[in-house]
Amino acid sequence: MANIKSAKKRIRVSLRRQLRNKHVKSTTKTAVKKVVVATKDGNLTDAKTLLVQAIAAIDKAASKGVYHKNTAARKKSRLTKMLNKAQ
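Scoring rules and cut-offs
Residues numbered from 1 in each chain as written. Predicted model: local features only at pLDDT ≥ 70, side-chain atom pairs only at ≥ 80, totals over all residues. Heavy atoms only, no water. Helix = DSSP H or I, 4+ residues; strand = E, 2+ residues; numbered from the N terminus. Buried < 20%, exposed > 50% of the residue type's maximum accessible area, 1.4 Å probe, protein only. Contact = heavy atoms within 4.5 Å. Expected span 1.5 Å × (residues − 1).

Please clarify how the side chain of threonine 28 should be interpreted in this entry.
The residue threonine 28 is located in helix 1 (residues 5-41) in this model. Since its relative accessible area comes to 2%, threonine 28 is described here as buried. Filtering out sequence-adjacent residues up to four positions away, threonine 28 remains in contact with Ala57, Ile58, Ala61 and Tyr67.

How should the environment of threonine 30 be read in this particular structure?
By the secondary structure assignment, threonine 30 is in helix 1. Residue classification places threonine 30 among the partly exposed positions, given a relative accessible area of 41%. For the pair threonine 30 and alanine 54, spaced 24 residues apart in sequence, the C-alpha to C-alpha distance is 8.5 Å.

Would you mind going over helix 1 with me for this structure?
Each α-helix winds once per 3.6 residues, and so residues spaced three or four apart point in a common direction. With 37 residues, helix 1 ought to run about 54 Å at 1.5 Å a step, and its terminal C-alpha atoms sit 54 Å apart, in line with that. Burial in helix 1 covers these residues: Val13, Val24, Thr28, Ala31, Val35, Ala38 and Thr39. Considering only its buried residues, helix 1 is in contact with helix 2 (44-63) and helix 3 (69-86). Glycine 42 lies just past helix 1 and shows a positive phi near 95°.

The quantities given are spatial measurements derived from coordinates; they are silent on function.
Take a look at the structure:
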């Protein structure tokens, strides 16, 4: 356990950020999974609307620093490519 006051604060801050990052990643993964499931089931109209929501979630995660910008771009590209291929 840390003895220095600033080290104790860094531990608290890192735990807080860890929880936030976990929440953002979880919601983003859920949005992505909804698009994948809708695409595989053949609900392309639903998949298109879900894709917009998933891209928004990925962009928010990237802006908060949860995902690197290139990782976000790759995820969006793969989702869009999968939906286009299904059409």
